[in-house]
Amino acid sequence: MGKGCVKATKYFLFLLNLLFFLCGGVIMGFGLWLLLDNQSFIVVLNDSTAVKIACYILIGVGVFSMLLGFLGCVGAIYEVRCLLGLYFTCLLLILLAQIAAGALIYFQKEALHDETAKVIGKVLDGYPGKNSTVEQAWDFIQRSMACCGWTSRQDWNGNMIIVNSSMLLFPCSCQNISVATANISDSGFCEAQTPDWPVYDTGCASSVERWLGTNIGVVLGICAGVAVIELLGMILSICLCRNIHTEDYTKVPKY
C-alpha cells in the first residue's frame, strides 16, 4: 500500500471512529432516556430486574463505544499500531456480543412477554401503592392510549381496594370520556353509578407492544448501523496496522 493510500485510510478511519463515537453517544442517551423518563412505559416495568439490566447495558455499551471511538481516532491519526490492534480486538468482541444479544432477544420473546404481563399484574393489584411514579406512568398510558388494564379491564378485578370497597370503584384514568357522566379525574379511583364501569373495553397490551416495537426498531436500527461501522473499522484498522512498520511515539501528544 502506497503512502497516499495509507494516509487516505488513516483519515477515513479517523472519520469513521468519529461517527462511531457519536453513535455511542446516541446509544448511551437512549439508555438514559429509558431509565429516567417518568412518562414512558418503561417506568411501569422498573420493578423488573431484566429491564433495569437492559438499560444499564445500553448505557455501558454507549460509554464503551465512545471510549473505543476515541482510542480509534488517536490510533489512526498518530499511527500507533498497539492502539490499532487493541481497537480491532475490542471491535471483534463487541460485534460477537451484539450477535449473541440479538439471538438471545429473538429466542426469548415469549419469556419477555410473560415477564411484562407479570410485572404489570403486580402494578394493577397494588394500585394505588407507594410507588407514585409507576402509578402516574400507568395512568398516563391508560389516558393517552384510551385503554384499560393489560389484556382487558378485567385485569383490575384483583386490586384489593376495588375488591374490599363497599362502593363500586373503577380506575379513573381509564374512564371512557365519551360516556363520562361526572368530573373526570386523572388518577386514583372513581365511583361507578352502575355495575358496568364506564371505561374503555380494550386493554393496553396491543398499543404498548406497538410502542415497544417502534422503539426497539430504533434501537435495532442504531445497532445495525453501528455494526456496519464496526466492520468497516475492523477492515481499515487491520489494513492500516499492517502497513505501519514503525511507530513514532513522539507524534503522540503528551499531557
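Residues numbered from 1 in each chain as written. Predicted model: local features only at pLDDT ≥ 70, side-chain atom pairs only at ≥ 80, totals over all residues. Heavy atoms only, no water.

- An unreviewed UniProt entry lists the protein under the name Tetraspanin, with Takifugu flavidus as the source organism.
- According to UniProt, the comment filed for the protein under the heading Sequence similarities (unreviewed entry) is "Belongs to the tetraspanin (TM4SF) family."
- We quote the UniProt Subcellular location (unreviewed entry) comment for the protein here in full: "Membrane". (UniProt positions renumbered as here; feature names shortened; annotations may be inferred.)

Quick look at the side chain of Ser237
Reasoning step 1: Positionally, Ser237 belongs in helix H8 (residues 205-242).
Reasoning step 2: Apart from the residues lying within four places of it in its own chain, the contact partners of Ser237 are Leu13, Leu84, Tyr87 and Phe88. (Helix = DSSP H or I, 4+ residues; strand = E, 2+ residues; numbered from the N terminus. Contact = heavy atoms within 4.5 Å.)

Concerning the UniProt feature "transmembrane region" (unreviewed entry) in the protein
Reasoning step 1: Residues annotated by UniProt as "transmembrane region" (unreviewed entry) correspond here to residues 12-36, 56-78, 85-107 and 216-241.
Reasoning step 2: End C-alpha atoms of residues 12-36 are separated by 36 Å, and the span's content is 100% helix alongside 0% strand.
Reasoning step 3: End C-alpha to end C-alpha, residues 85-107 measures 34 Å, and it is 100% helix and 0% strand.

Here we look at a nonpolar patch on the surface
Reasoning step 1: Residues Leu15, Leu18, Leu19, Phe21, Leu22, Phe64, Leu67 and Phe70 make up a contiguous nonpolar surface patch of about 740 Å² in total accessible area.
Reasoning step 2: Within the residue set of the nonpolar patch, elements represented by two or more residues are helix H1 (3-36) and helix H3 (49-77).
Reasoning step 3: The leading source of residues in the nonpolar patch is H1, at five residues.
Reasoning step 4: Summarising the element assignment, Phe64 is placed in helix H3. (Patch = residues over 30% accessible without salt bridge, like charges linked within 9 Å, V, L, I, M, F, W, Y side chains within 5 Å. Areas by Shrake-Rupley, 256 points an atom, 1.4 Å probe, with all protein chains shown as cover. Salt bridge = Lys/Arg side-chain N within 4 Å of Asp/Glu carboxyl O.)

Examining the pattern of salt bridges
Reasoning step 1: Tallied over the full model, the rule gives one salt bridge.
Reasoning step 2: Between Asp196 and Arg153 there is a salt bridge, with its nearest N and O atoms 3.0 Å apart. Separated by 43 residues along the polypeptide, Asp196 in the loop between strand E2 (189-191) and H8 and Arg153 in the loop between helix H6 (132-145) and helix H7 (160-164) bring together distant segments of the chain.

Looking at the state of the cysteines
Linking two cysteines covalently through their sulfur atoms gives a disulfide.
Reasoning step 1: Applying the stated criterion to the full structure yields three disulfides.
Reasoning step 2: The partner cysteine of Cys148 in its disulfide is Cys174, sulfur to sulfur 2.4 Å. Taken together, the residues span a long stretch of sequence, with Cys148 in the loop between H6 and H7 and Cys174 in the loop between strand E1 (169-171) and E2 at a distance of 26 residues. Taken individually, Cys148 and Cys174 each receive the classification buried, so the pair is uniform in this respect.
Reasoning step 3: Here the bonded cysteines of the protein are numbered in sequence order, and their pairing is 1-6, 2-4, 3-5. (Disulfide = S-S within 2.5 Å. Buried < 20%, exposed > 50% of the residue type's maximum accessible area, 1.4 Å probe, protein only.)

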